[in-house]
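Topology and contacts: notes
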Amino acid sequence: MPEPFVVRRETRVPAPPAAIFALLTDPEKILRWMGTEAQTEPQPGGIYLVNVTGARVARGSFREVVPVHRLAYSFGWEGSEEVPPGSSLVEIDLIEQPEGTLVRLTHTGLPTSEQCEAHAKGWAHYFDRMAEVAAGRDPGPDPMRGHDRKS
């Protein structure tokens, strides 16, 4: 039986998997498309922490790291009762294609359809920004900066 609350997203990015992997794991590169602060230790058990908007901190730990191919990490929001740190799972597969990389995200463990909808919008927003950076463009100021909607 499929899990009821799952966010799935696929984005084609005109860059090789290694470049996308770096944009997802290197704190300096993460900050080019998302967040005001990032700390990552991309190894099983290592920390995943991104202050996404300057007012919302996502925290979890890496579960699986296969360089340039796959990441899996627990995920949640500091101060959230609905989606606390580490309460959900983000899995990202990077599939090499002739024109770049297919980035396939699966986010499971969210508690409600409202949370799925909110996280789907967030992933769409940030993956679009990541694709801009991967293509060598500046995505501009993040319109989500300063938002602190609690989930």
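Computed from a predicted model, the values in this text were never measured in an experiment. (Residues numbered from 1 in each chain as written. Predicted model: local features only at pLDDT ≥ 70, side-chain atom pairs only at ≥ 80, totals over all residues. Heavy atoms only, no water.)

1. Details of the packing of aromatic side chains
In this description, an aromatic ring pair is defined by two values, namely the gap between the centres and the angle between the planes. Following the criterion strictly, the structure yields 6 aromatic pairs and no others. Measuring from centroid to centroid gives 4.1 Å for Tyr48 and Tyr73, while their planes differ by 20°, and the two rings are stacked. On the criterion of sequence distance, the pair formed by Tyr48 in strand S3 (residues 47–51) and Tyr73 in strand S5 (residues 70–75) is long-range, its members being 25 residues apart. A single burial state applies to Tyr48 and to Tyr73, both of which are buried. Each ring, one from Phe75 and one from Trp77, has its centre 5.3 Å from the other, and the planes form 85°; the classification is edge-to-face. Members of the aromatic cluster, connected to one another through ring pairs, are Phe75, Trp77, Trp123 and Phe127. Above the face of the Trp77 ring, Arg56 is positioned so that its terminal group lies 4.0 Å from the ring centre. (Phe/Tyr/Trp six-rings, centres within 6.5 Å; stacked < 30°, edge-to-face > 60°. Helix = DSSP H or I, 4+ residues; strand = E, 2+ residues; numbered from the N terminus. Buried < 20%, exposed > 50% of the residue type's maximum accessible area, 1.4 Å probe, protein only. Lys NZ or Arg CZ within 6 Å of the ring centre and 35° of its normal.)

2. Describing the UniProt feature "domain: Activator of Hsp90 ATPase homologue 1/2-like C-terminal" (unreviewed entry) in the protein
Here the UniProt feature "domain: Activator of Hsp90 ATPase homologue 1/2-like C-terminal" (unreviewed entry) sits at residues 15–133. Annotation note: span residues 15–133, helix share 29%, strand share 37%, distance between end C-alpha atoms 10 Å. (UniProt positions renumbered as here; feature names shortened; annotations may be inferred.)

3. Remarks on the pairing of S5
Across the 6 residues that make up S5, a large majority, 6, are buried. Residue alternation in S5 divides its side chains into two sets, Arg70, Ala72 and Ser74 and Leu71, Tyr73 and Phe75, and both sets are buried. Hairpin connection between strand S4 (residues 57–66) and S5: a loop of 3 residues separates the two successive antiparallel strands, and Val68 in this loop has a positive phi of roughly 60°. Both S5 and strand S6 (residues 88–97) contribute to a ladder of 6 bridges, which runs antiparallel. Bridging from a neighbouring strand, Ser74 pairs with Leu89 of S6. (Pairing = 2+ DSSP bridges.)

4. Quick word on the nonpolar core
If you look at the biggest cluster of nonpolar residues, it comprises 36 residues, and the most contacted ones within it are Ile20 and Ile92. Counting residues per element, the ones that place at least two in this core are strand S1 (6–13), helix H1 (17–25), S3, S4, S5, S6, strand S7 (100–108) and helix H3 (113–134). Every residue in contact with Ile92, bar those within four places of it in the chain, is listed here: Leu24, His69, Arg70, Leu71, Tyr73, Val103, Arg104, Leu105 and Phe127. (Core = buried A, V, L, I, M, F, W, Y, C linked by side-chain atoms within 4.5 Å. Contact = heavy atoms within 4.5 Å.)

5. Concerning the pattern of salt bridges
Side chains bearing opposite charge may pair, as long as their charged atoms lie close to each other. Taken as a whole, this structure holds 8 salt bridges when the rule is applied. Beyond isolated ion pairs, a larger network of salt bridges with shared partners links Glu64, Arg70, Glu91 and Asp93. (Salt bridge = Lys/Arg side-chain N within 4 Å of Asp/Glu carboxyl O.)

6. Examining the packing of H1 against H3
Contact pair H1 / H3: the axes reach a minimum separation of 11 Å and the direction vectors enclose 125°. By the angle class used here, H1 and H3 are oblique. Pair H1 / H3 crosses with right-handed handedness. On H3, the residues touching Ile20, Leu23 and Leu24 of H1 are Met130, Val133 and Ala134. (Axes fitted to C-alpha atoms, helices over the stretch in contact; angles between N-to-C directions. Parallel < 35°, antiparallel > 145°, perpendicular 65-115°, else oblique. Left-handed = near helix turned anticlockwise from the far one by under 90°.)

7. So, the environment of Phe62
Along the chain, Phe62 falls in strand S4. When the C-alpha positions of Phe62 and Leu89 are compared, they lie 9.6 Å apart, and in sequence the two are 27 residues distant. Other than its neighbours up to four places away in sequence, Phe62 contacts Thr40, Glu41, Pro42, Gln43, Pro44, Gly45, Gly46, Ile47, Tyr48, Leu71, Ala72 and Tyr73.

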